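Notes for the structure review
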Amino acid sequence: MNGPMVGLGELRAASQQRLAEIENELRESQSLADRHGAERRKLELARRRALDAAATAALAGLDDASLARAVKLTGFTPLIHENPRAGVETERRRLEARIAEIEADPRWRDRELLRAPRVGTLVRQIEELEEFRASLAEVVARAAHPRLERLLETGYGSDAYTVGWWRASYYADWKAGDEILEKFPTAKSFAEAREEILRARESLAVYDSRLAALRTEHDDGVAIEKEREAKVAALAGLEQTFLGEWRNRLSDHLASLDPAVLGDRLAGEPDLELLVKQGVGLERKIAYLDQLVSEKLAPVRKALVDERSQLQRELVKYARPKYAQTTMPRDRFERRFRDRPAKLRKGITRVTHEYHTIHHFDSWDRARLVDDFLWWDLMTDTHYSHDDESAAAAAAIAHDTTPDTLLDAS
Amino acid sequence: MDERAGRAVLRARFEAAGLHIAEDHPLDVDGHRVTADGFDAERGIGYEYLTREAGDHAELHPAAVAALEAHAQAGDLVLFLVDEIEVASAEELAALADGFLDTLRARGRLA
């Protein structure tokens, strides 16, 4: 082969240096991809806010004049056909009826008498029963023993107890009975303690049942008070609630609309028009940034990863004695270790630059709501000198894609 | 406690009370074949530590237990019956055995 050659030493050194460069470029491009996720969420939120603000500006209220204006500006005809005012009135009647029903309910009408803190009749009854219950619960708690239930079931301490003295359980029962009896100093025998325990248990069950009923009655009353409060609050904010719901629907309508449809309608409403432009522009911005990351940055990253694998394989190969005399033509070496890396580097730089250019764009007033408006041109402030590039860009943008010629990293 | 450990505790307590224990002693209790874990044939006193591991519950079926209880009631053959589920430790088993041996003394069956 003719021409100058590069020896193994230089080849290995260049490979090592290139590997280090690749690691840096992978880190840099990964950083951009990582940031994109967070930026995307912020942009989605900003787009939603812009559209919500546009809906608020377009629909000032639910009166006839406001509805007519909103339909004229946005073409959202459900504002006429579905009669929002009738919806408000239906809900108002429903709320008023329920509030009247609650206010006639003794649980609400007698709320002070029943549930006033410390003095309400229900409150007093519950407190008194809790006091009575406490002494009984203390007896039951005092009797607690792992063997108590068995002693009660077998009739320990009474004639009903039939466990033979040759059984171990007879002695275990005896021990447990003595331990329980120690906690009832006034009882002369386990039989007396058992009577006291059983009486306390029965009374406790009665009190607990009554307490549960009183607490349910109390809680039902509290619930109905809360329901009335909620209904009264809903009634007070009824107009705003419905207005908010209709604005949400209008915001969704604006998001789904072809921007060109709004262009003429919003001609005399510069503030509203700006908000719509912002909403539409943010949607385009998100799409462009997604494309830059997924369709332009990803292939560059794949090329870097592939190159890294190849270099690693080659370095292993060069370490073997049989490749000690390996050489490479100088021109091929230059293409491999100078030209191609430079092109990949340029691709990353270009994607990064365009990502930041588009991301920082906020001159929404410079947009127009017309067919085939070139958002890409506006956001990148692109001027083409080459006719082919310009045509490719225009065609791509018209189809809502990022022009490949702008971002070609190969 | 497993079969071996339970039997060891019982044997120690019964022998400490002066009984001469033979292990795995065969008994014919009104036609029921029962092998006592420990038994003093001269005094007619012994013990059975019932474990699932040894299959004791199959051997001591209700009819055999009823026969044993009848003899214990009569006082001519007394087997101390301990189910493994009744005891959690060697100390507890020893205390139960001592209670039984005290009862035998109170009834004049032991010095």
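Scroll up to find the structure this text is about.
Please read these numbers as outputs of a predicted model, since none were measured by experiment.

1. Considerations on the nonpolar core
Membership of the largest hydrophobic core comes to 47 residues, with the highest contact counts inside it found for Leu59, Leu79, Val276 and Trp375 of chain A. Sorting the residues of this core by element identifies α1 (8-58), α2 (64-74), α4 (84-104), α11 (238-256), α13 (270-318), α14 (330-360) and α15 (375-380) of chain A as the ones contributing at least two each. Of all the elements, α13 of chain A adds the most residues to this core, at 10 residues. The residues touching Val276 of chain A, leaving out its near neighbours within four places in the chain, are Ala54, Leu262, Leu266 and Leu369 of chain A. Val9, Ala36, Leu60 and Leu81 of chain B belong to the second largest nonpolar core, which has 41 residues in total.

2. Observations concerning the sheet that holds strand β2 (residues 32-40) of chain B
Residue and element names in this part refer to chain B. As summarised here, the arrangement of the four strands in space is β1-β2-β3-β4, forming an open sheet in which the pairing is mixed. The two strands at the open ends of the sheet, each matched to only one other strand, are β1 (22-29) and β4 (78-83). Neighbour to neighbour, the strand axes of the sheet diverge by 40° on average, direction disregarded. Sitting on the sheet, helix α3 (residues 62-74) touches β1, β2 and β4, and the angle it makes with β2 is about 50°. Together, β3 (45-50) and β4 form the strand contacts of helix α4 (residues 90-106), whose direction differs from that of β4 by roughly 155°.

3. Things to note about the side chain of Glu3 of chain B
Residue and element names in this part refer to chain B. Tracing the backbone through its elements, the reader meets Glu3 in helix α1 (residues 3-16). Looking at Glu3, the relative accessible area reads 9%, which means it is buried. Within the structure, the side chain of Glu3 is placed 2.5 Å from the side chain of Thr51, a separation counted as a polar contact. Once residues lying within four places of it in the same chain are set aside, the contact partners of Glu3 are Asp37, Tyr49, Thr51, Glu53, Ala54 and Asp56.

So, how was this worked out
- Residues numbered from 1 in each chain as written.
- Chains lettered and ligands numbered in written order.
- Predicted model: local features only at pLDDT ≥ 70, side-chain atom pairs only at ≥ 80, totals over all residues.
- Heavy atoms only, no water.
- Core = buried A, V, L, I, M, F, W, Y, C linked by side-chain atoms within 4.5 Å.
- Buried < 20%, exposed > 50% of the residue type's maximum accessible area, 1.4 Å probe, protein only.
- Helix = DSSP H or I, 4+ residues; strand = E, 2+ residues; numbered from the N terminus.
- Contact = heavy atoms within 4.5 Å.
- Pairing = 2+ DSSP bridges.
- Axes fitted to C-alpha atoms, helices over the stretch in contact; angles between N-to-C directions.
- Polar contact = N/O pair within 3.5 Å; in protein donor to acceptor, adjacent residues only side chain to side chain.

These figures come from the coordinates and say nothing about function on their own.
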